[in-house]
Structures are given as structure tokens and as C-alpha cells.
Amino acid sequence: MTPRPIRAAAGLTKMKSSRPIALLAAVLLAAACGGAGETGAGPGQEGERRQLTLITGLKSDEFYITMGCGAMAEAKKLGVDLDVQGPEDFSAPLQIPIVNSVTAQQPDAVLIAPTDRNALIQPMRQMKSAGITTVQVDTTIDDPSIAVSSIASNNEQGGQVAAQTLAELVGDKGKVYVINVKPGISTTDARAEGFINEMKKHPDIAFVGQDYDEDQADIATQKVSATLAKHPDLAGIFATNLIAAEGAATALKAAGKTGDVKLVGFDAGPKQVEDLRNGSLQAVVAQEPYAIGQIGVQQAVKALNGEPTRKQIQTNLVPITAKELESKSRYLYKSEC
Amino acid sequence: MDRPAETDPRPVAARADLEGEPEAGAGETLLSRTLRANSLWIFLVLVVLVLGFSVARPQAFLSPFNIQSIFTNAATLLVVSVGMTYVIVSAGIDLSVGSVLVFSGVVAAKTMTGIGGQDSGWGPIVIGLVVGLLGGLAWGITNGILVAKAHIPPLIVTLGTLGMALGSAQIITGGTDVRNVPVQLTAVLGQGRLLGVIPWLVVIAVVVTIVGGLVLATTRFGRYTYAIGSNTEAARRAGIAVDRHLLKVYALSGLLAGLAGDLSLAYFTTTTIGGHTTDNLSAIAAVVLGGTSLFGGVGTMFGTVVGVFIPAVLGSGFVIIGVQPFWQSVAVGAVLVAAVFVDQWRRRARENR
Amino acid sequence: MVEALLEARNVVKQYGTVRALQGTDFSAYAGTVTALIGDNGAGKSTLVKCLSGVAMPDGGEIFLDGQRILLDSPTSAQRLGIETVYQDLALAYDLDAAANLYLGRELRRPGLLGMLGVLDKAAMRNGGAGALANLGVRLPAADAPVGSLSGGQRQSIAVARAVAWASRVIFMDEPTAALGVVQRERVLEVIRRVRDSGVAVVLISHNMPEVLAVADRIEVLRLGRRVARFAAGDVDVEDLVGAMTGALEASALGANDVEANDVEAGAQTGGEGNTNGGNGR
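**Thoughts on the sheet that holds strand β2 (residues 18-28) of chain C**
Residue and element names in this part refer to chain C.
Here comes step 1: Pairing within the open sheet is antiparallel, and its four strands lie in the order β2-β1-β4-β5. Of all strands in the sheet, those with a lone pairing partner are β2 and β5 (67-69), marking the two edges. The mean angle between the axes of side-by-side strands here comes to 30 degrees, regardless of whether they run parallel or antiparallel.
Here comes step 2: Where strand β4 (residues 59-64) and β5 come together, three bridges link them in antiparallel fashion. Within β5, the position partnered with I62 by the bridge is I69.

Here's what the structure looks like:
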């Protein structure tokens, strides 16, 4: 007769084994199905379709999704395969494992938006030494020798455009303030810099300073609320990214100053469009992620074909006010292709 | 006044049988122990994953580069998870590890750049690494004192130090990542390899894991950790200095987070201040995936290793076979919930006896 | 007359405004089973806590072998050879029987490994099996966590642990509560065996027939005071219940042990009629 505790243990094993393994089977099945459609046989072989991978900075972000849409469309047009990957957060520790796995996968070319200008150098060097053609999209690393081409918005110009738009909105006078993301992010820092420099050309506008929100809307709200308390006569705010704009809009709403204090944001995702419509935002500066994706794929394919590429390509930035939502709809970002 | 005479629900005959057959029990000891271990099943999950990805894309998944990448990328999380295993086995929790990691990386980097600069030799680097370890230890001791002596629940204590450590790191750096880390550090510790094959990061993580596993499984320190997690009052009455032991456990977790901060600094060549906000949850998930009970008293280091590698393998494998990145979160989350479900189911089964 | 091995004099313990012990006396004798009985709330468990180092008394004195002792922790009690089987068993349910038997007293490997804290699990397993065999307990698997065992087996382990380490005094707080008939007999047998080895056994029980079956002496607590002492042969269940509930006045109890009064005269607090009893030998 089997002693009881052992029998109990045996019953347990049945339970435990069946569930995770069933789950695993489901996951692998999903993996197999998902994989089958996008990748053919071994990559990089003679006569096969070119394999490209786009590694974005953040997987669930309309900017990068739109970039992926542009890249997808262009890949289809040029007859190459494209796979899109991205980390859960905009951070190097989460992006590097993905970069390494892509390197192991050996596609012909990679489009990447590096999340840190230092930390990604080594993984991208390994990628290059594995024979993978690399194109930088949106952001860059400090080593310019790796990518054959870098496509990005001219963020400093974006800051200028934002400054001009905000100046117009506030009647070219009064106090303005910048809510920025984190120090050290090349894109948002360039936007702030462009904004601040442009405002120096407007003698009646006083720049009262900038704060960082750690890319968290609630922190942006706190900072903007505090600034409103300090400067009750604040005329305008430039928020350097979506989250900063969201936080700032919340603070203005709480203070009952929506529309009185003009708010200019960056990017043109569905959320910003909604905010433009309901008046929380007065204007945004839109990038062209779709074009960045398209051009990235073009440059990668050119490099693979041995054609010359352009080292630096800057895409346009477009100011959009609520009234222009219809006329400039092609600049709005998508949450799916 | 009389108590119910019979609280043992089994019929007398069954009980007699049970006590009359010790050999049967003794003979199945190893088997029963293996079957009882949650980690065995989760290990099989890992094996199946590895086999699945290997069959799907052998050249890519099993390439030396990919295997090395998986290990290197898991190294810092593994070190943190070793400390977390002790904390969770003692029925505690440490949410502060990611922030302590960042803090340690920052103080280490600041020390190195302050006294040596980017081209500094090993002197300033070693001093910086030690400062990083001490920084982690200091936060660990802070956690330990607040948990063991002030009797504040560990969830609250470490939630507090999570914010304090990260905030301190940001105060020290002004929010900007320290980037001019000595080249020697990143070249040797971050990218260098033992005998040109095994990355130093992996060597260090493996040594920490083996030592941590042996101490947990074979020493009095480990035994006390299990006993306290299982029944704190029983441990206290058995004469175990519970408060002092808990202090040591949290100090260990802090120290290992400090070590992970050093490793992370060497690997990423920058302090990655914003990149560790979910490290605490990753470590807790790894430990729990590995069969360690959130209620304490149960768990193995082997399970934790498996728990660290399941997300790592899934992440790498999914990228290689070209699956949408969202699936990874779904898969890891599902396995985690299943693991905790099994743990609770098991406990309920036991308590109903 | 034999001197008490463990003696409490005028022990006071207060929890907030509740005076659980209001100057309680108690004595236990080597090689004797002393039953400590009383209604719920009489202070039995509190007294045991004070005498086993779990709680610090607010007043009074404790003597072991005539020496005044200070019990500030379970460890200090254990060091003096005083062990306790707690009512809640105080076992680590995730550890196996041997680990529980040696909890806080782990054996370490000889040599360097031992200095590093490495446990000698084989020795503990063997020792643990021996201690359990003494109680006639056989476990289905030596390394099964205690929590997976039956209530009776758990209780046996708690008893075995205390028995294994007690060299002077052993307190057993309801040691048979979770046991079946057969195992209960075994534990009572163990209690007698421990007594015969010269240890002072203190049995806390609600089960009057059990008390009468195994105890040599009986001390009765009521409302935080000792109200009566009996030699087991002299009383029946009715007497005990009467003393516990206060229905039986002190004066009505057999006042047949002058010598005990003599011995303990210095310690008596002059309190209400608590001078009855005997050493029951």
C-alpha cells in the first residue's frame, strides 16, 4: 500500500504537469503560426527574398507603429520581408536582448531606433560584425561608423517650429515654459534646445525654465501645476513628447486654464488628435514616422544592392493646429496599419 | 471538557497500515522529493521551450552567439534573483532591488569618474566597484532594520526604499545617465571573457548562483531562512534569532543588487537609470516561476535559475522565429500565473488534510 | 520531602489591563508528572509561557533546583534543560521531521565545512528517526514536509522534539489534543517513560480522565492563582472540576500535607487557601 503523502504528491504531479505543458503547447503553436507567415526558409541565402528587421524603441507606441507601417508598405513594394520587434519600455536593458536575438537570427539588414547612445554601441557592433547591414531610424548612437544611413526628424527644427507656432498662439508675448522628458535623450533635448533658441528671437517672450517628467504623465502634471502656481500669468507651454503633453493638459484642466494657457505638443498620435479636437492642446508638431520607415527600408535595400546610401537624412516636421486636422490628416500617426 | 477524541480523519486501519510500512516510504524518498519539487515541472517547461526553438531555427537559436547573449543578458537579473530567493523564502519581498541596482551603478560610476576618469586604471575602478557593493549593502541593511526591528511590512519598506534609492540616484546624477565610465571596466568586465570564451558577467553570475544555492540548501543560514519563512513564531521559539537573520537576508539582497549594479554598469557602459523599473518584478517573477512560494518556506535556487531563463529563452526565441513582441509578455505572464496557481493549490491540498 | 525542581513563586503577568497571573505559585518535581489544570482563562498557558521563557513575568521569582533563574527567552530556558510542547505545536511546516527536531540546534559537519555552517543532514536524519522511533512514530517518508503529515504525526514530532532535548523539565500543553486513540496512548506512555528518566513533566490538559491516568500530582489554577494541589490518588474528576470552578471551597479540600506547607511556607503569599496538595510520590 502506498503511503498517503506520496499518493498526494503523485496526484499533484498530474495536475502540475498537464497545465503548464498545455499552456506551453498553446504558446508554441501560436509562435509557430505567427512565425510561419513572416519568415521563409533560412535567411540570407542566395535567391531568397531579403530579410529585414525593424527594432523600434518601444513596441506599443503610435510613432513607432506608424514607422512600422511605412516600413512594411515599402518592404512590400520592394519585394523584401520585414519583421518588426520592440521592447516593452524605451530602455537599453530591455532592447539589447532583442538586438542580440536579431543578430543571432541573421537577417540581411536591420532598421533600429537605439534606446541609448552608449549602451547600444556594443550590441550594434556585434550586429555589424555578423554581416548585418544597419540603418538607424529616429535615434542614433555615438558611434557613427556602424549605420550605413540614419534617418531622423530634425528635432531641433521641430523645436523651432514649435516655438514659432506657440509664439503665434500667445500673440508673441508673455511667459513660456518647457516640460521635457529626461535629460540625455537626444531627440527631446534637441527639441527643447531648438525651442529655447528660437524664443530668444522673440523679445517680448520670456522663457521661465524647463522641467523633466521622467516620461511619466503624473510627474508632468505635478511639474506643470507647480509652474502654474509660481507663474499664474503663464502664457504658453511646450511639451516635448506625448506623455509630457498629456500631463500638462491634465494640469491645465485642473487649474481651469485649458485654452488660456496655450499648449503645444509634439507628435500626432490618436490621443493628440483627440486633444486637439477637444481643445486641451492648441497645436502639435508632427514628425513623419511613416516616411522614416519608408526611407529606412529604401536605404537598407540600396545598401544590400550595393548602391550608394545617404549617411544622414532628415525628415520634415509639420505644425498642426486644431483647424488643420483635416487638411494635414496624412501627417497623423496610426495605432494600426 | 473532553476534546474530540479523533481528529485524524483516516480510518484506523489505514493509519495502522501507514505506520506499519516504513520501508515503502523510505524507498520512495528520492522519487517523492523529486515529484514534490515545483521546479521540476517548470524545468521541463524550459527544456521544451529550448527544444522547440532549437527545432524551429537551429542555426540561429543554438548559435554560440545567441546562447552567449541569452546568458549575458540574464546575468544581472540572475544575481538579483539569487538575493530575491532568500527574501521570498523567508516570506518577505524586496521591491527595491531595481532601484538599489541603479543607485549602486550610479555611485560606482560617480566614484570611478570622480577619482579616475574615463581612462583610469584598475585602482579607481575597483574602488568604484566596492563603493557600488557598499551602496547596495547599505540599502539592504536599511530594508532589514525596518523590516526586522521596526516590524514594518516588507512590501511597504521596500516600496519606500525603491523610491528613495532611485530618487537618490537621480539626485546624485541630476537625472542624466553617467556615460564616461572607464573604458577598462566596460572592456574587461563588461565585454571581456574568461579564456576568451565565457563572458565575465556570466562567470560572476554563475559563481554567485552556485554559492547562493549551496548556502541555501546546505547551511544553517539557509535552514533558518526556510524555518522563518515557514513559521516565524516556531523559529523564534526554537531559539533562532529571527530579527537578526531577517536583517542579514535583506542585507544580502541589497548586496547582490549592488553587485548587479556594478555588472550592469560594466555591461551597458552607462548607468541606465531609467532601464530597471521592472527589474524587481522580473526577479520576483523568476523566483516564483521557479517554484518558490510567495508565502515563504519553500523554494530552491535551481528553480530560480530556471525561472530566470524561461523569460530569457522565450524573449530570444520569439524574436528569432519572428513572433510579435506582445506574445512574449502573454506567455511569461501565463506561465507565472500557472506557477502560483499550482503553489496555492498544493498548499490548500495540504491544509485540508 | 523532596525539594521542587522547578518552582514559581508569586508570579505576576499582565497583558494591558488584564492580569493573567496574579501572584501564582507552582512547583514541579523531578521524576514526577504534575498536571496543571484550570478552566479556560485560568492562566495555564500564560504560566507555561513564563516558565518556558516565551513571556517575561512582570513579577515574582522562578527557581530551578533552588537557584533563582531568569528566563528571558526560549533559548535560555532550553539551555537550562526546560522544553515545551506548545499547543500550536510551533513546527515549521515546510521542513521535514528531522529539521524540526533539530530546529535551532542543527548539527554541523565536522571540520571546515561545519565552520562554514554546513549542516550534517544525515546525522540529523538518523537522530530524528531515533527520536521518533522512541515514540513509536514512523513517518511515510523521512523527508516529507511536516505540513504534509497528519495532525497526529505532527503532534508526535512536537512531543518528540521536546522529549529529545528536555533534561530537567518538560511542559506539554495539550500534547494529545490532535491524536487518535492509539497515538494518545503512545504519548501517555512516553510521558511516563520521560518521568521515569527523572525529568519533571508538566502536563496541561483539559482531559480529566487523562490527567488522572497519568499525573502523579495535580495543581489547579483559577483566575490567575493556584487554588489547590492534589496527590493524584486522592481525587476524582468531581473534585478537580470543583476546584477549577471554585465550587469546592479550599477549606473543604483534604488538608493532609503539612510538610508541603512547611517547605513552602516562606513562599506563600498568604493568599486564599492555596496550600493544599502534595508531591504525590
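**Considering a nonpolar patch on the surface**
Residues and elements named next belong to chain B.
Here comes step 1: Residues W122, V126, V130, L134, V188 and W200 make up a contiguous nonpolar surface patch of about 490 Å² in total accessible area.
Here comes step 2: It is helix α8 (residues 122-149) that contributes the most residues to the nonpolar patch, four residues altogether.
Here comes step 3: Secondary-structure assignment places V126 in helix α8.

**Observations regarding the state of the cysteines**
Residues and elements named next belong to chain A.
Here comes step 1: Applying the stated criterion across every chain yields a total of one disulfide over all chains.
Here comes step 2: There is a disulfide in this structure between C69 and C337, and the S-S distance comes to 2.0 Å. The disulfide joining C69 to C337 has a torsion of about -100 degrees about its S-S bond and is therefore left-handed. One end of the pair, C69, is in helix α2 (residues 62-78); the other, C337, is in the segment after β12 (318-321), with 268 residues separating them in the sequence.

**Observations regarding the packing of helix α15 (residues 279-289) of chain B against helix α16 (residues 301-320) of chain B**
Helices that pack against each other are described as a pair by the angle of their axes relative to one another and the distance between those axes.
Residues and elements named next belong to chain B.
Here comes step 1: Where α15 contacts α16, the axes come no closer than 7 Å and their chain directions differ by 120 degrees. Relative to α16, the element α15 is oriented oblique. Here the hand of the crossing between α15 and α16 comes out right-handed. For the pair α15 and α16, contact is made by A286, V287 and L289 and by G303, T304, G307, V308, I310 and P311, respectively.
Here comes step 2: Split by residue class, the contact of α15 with α16 holds six nonpolar, three polar and no charged.

**What about the pattern of salt bridges?**
Here comes step 1: In total, this model carries 24 salt bridges over all chains according to the counting rule given.
Here comes step 2: Here A:D275 ties to A:K271 by a salt bridge, and the two come within 3.6 Å at their closest N and O atoms. Of the two residues, A:D275 and A:K271 are both situated in helix α9 (residues 270-278); the distance of four residues between them amounts to about one turn of the helix.
Here comes step 3: Looking at A:K271, the relative accessible area reads 37%, which means it is partly exposed.
Here comes step 4: C:R105 is the salt-bridge partner of C:E83, the closest N and O atoms lying 2.3 Å from each other. Remark: C:R105 occurs in the loop between α3 (97-101) and α4 (111-115) and C:E83 occurs in strand β6 (residues 82-85); sequence separation between them is 22 residues. Across this residue pair, the class does not change: C:E83 and C:R105 are buried.

**What about the confidence of the model for chain A?**
Residues and elements named next belong to chain A.
Here comes step 1: Per-chain confidence: chain A averages 83 in pLDDT, with 86% of residues scoring 70 or above.
Here comes step 2: When mean pLDDT is compared element by element in chain A, strand β3 (residues 109-112) scores highest at 96, while helix α1 (residues 4-38) scores lowest at 40.
Here comes step 3: Predicted confidence for residues 1-24 stays below pLDDT 50, and this span has 39 contacts to residues more than four positions away or in other chains.
Here comes step 4: Taken together, the stretch residues 26-45 has pLDDT below 50 and engages in 30 contacts with residues farther than four places along the chain or on a different chain.

**Focus: unusual backbone geometry**
All names here are of chain C.
Here comes step 1: The backbone of D65 shows a phi angle near 60 degrees, a positive value even though the residue is not glycine.
Here comes step 2: Turning to its location among the elements, D65 is positioned in the loop between β4 and β5.
Here comes step 3: For D65, a relative accessible area of 47% translates into the label partly exposed.
Here comes step 4: Notably, E174 is not glycine yet its phi reads approximately 50 degrees, a positive angle.
Here comes step 5: Note that E174 resides in the loop between β7 (169-173) and α7 (181-196).
Here comes step 6: Given the relative accessible area of 4%, E174 is considered buried.

**Focus on the sheet that holds β3(A)**
Residues and elements named next belong to chain A.
Here comes step 1: Here we have six strands laid out as an open sheet, ordered β2-β1-β3-β4-β5-β11, and parallel in their pairing. Edge strands, defined here as strands with exactly one partner in the open sheet, are β2 (81-85) and β11 (312-315). Averaged over all pairs of adjacent strands, the angle between strand axes in this sheet comes to 20 degrees, irrespective of strand direction.
Here comes step 2: Pairing geometry for strand β4 (residues 133-137) and strand β5 (residues 149-153), over three bridges, is parallel. Bridge pairing links Q136 to S150 in β5.

**Focus: the pairing of strand β8 (residues 200-204) of chain C**
Residues and elements named next belong to chain C.
Here comes step 1: Of all the five residues making up β8, five are buried; the element is thus mostly covered by neighbouring parts of the structure.
Here comes step 2: Going residue by residue along β8, you find A200, V202 and I204 tucked away on one face and V201 and L203 tucked away on the opposite face as well.
Here comes step 3: Note: strand β3 (residues 33-38) against β8, four bridges, orientation parallel. In the strand pairing of β8, V33 is matched with V201.

**With respect to the packing of aromatic side chains**
Here comes step 1: Counted under the stated rule, the structure contains twelve aromatic pairs over all chains.
Here comes step 2: When the ring of B:F53 is compared with that of B:F61, the centres are 5.5 Å apart and the planes differ by 35 degrees; the resulting orientation is tilted.
Here comes step 3: Since its relative accessible area comes to 2%, B:F53 is described here as buried.
Here comes step 4: On the basis of relative accessibility, which here comes to 4%, the residue B:F61 falls in the buried class.
Here comes step 5: Aromatic rings pair up to connect A:F63, A:Y64 and A:Y333 into one cluster.
Here comes step 6: Here the guanidinium or amino end of B:R237 rests over the ring plane of C:Y86, the centre of that ring lying 4.0 Å away.

Quick notes on the rules
- Residues numbered from 1 in each chain as written.
- Chains lettered and ligands numbered in written order.
- Predicted model: local features only at pLDDT ≥ 70, side-chain atom pairs only at ≥ 80, totals over all residues.
- Heavy atoms only, no water.
- Pairing = 2+ DSSP bridges.
- Helix = DSSP H or I, 4+ residues; strand = E, 2+ residues; numbered from the N terminus.
- Axes fitted to C-alpha atoms, helices over the stretch in contact; angles between N-to-C directions.
- Patch = residues over 30% accessible without salt bridge, like charges linked within 9 Å, V, L, I, M, F, W, Y side chains within 5 Å.
- Areas by Shrake-Rupley, 256 points an atom, 1.4 Å probe, with all protein chains shown as cover.
- Salt bridge = Lys/Arg side-chain N within 4 Å of Asp/Glu carboxyl O.
- Disulfide = S-S within 2.5 Å.
- Parallel < 35°, antiparallel > 145°, perpendicular 65-115°, else oblique.
- Left-handed = near helix turned anticlockwise from the far one by under 90°.
- Contact = heavy atoms within 4.5 Å.
- Nonpolar A, V, L, I, M, F, W, Y, C, P; charged D, E, K, R; others polar.
- Buried < 20%, exposed > 50% of the residue type's maximum accessible area, 1.4 Å probe, protein only.
- pLDDT = per-residue confidence, 0-100.
- Phe/Tyr/Trp six-rings, centres within 6.5 Å; stacked < 30°, edge-to-face > 60°.
- Lys NZ or Arg CZ within 6 Å of the ring centre and 35° of its normal.

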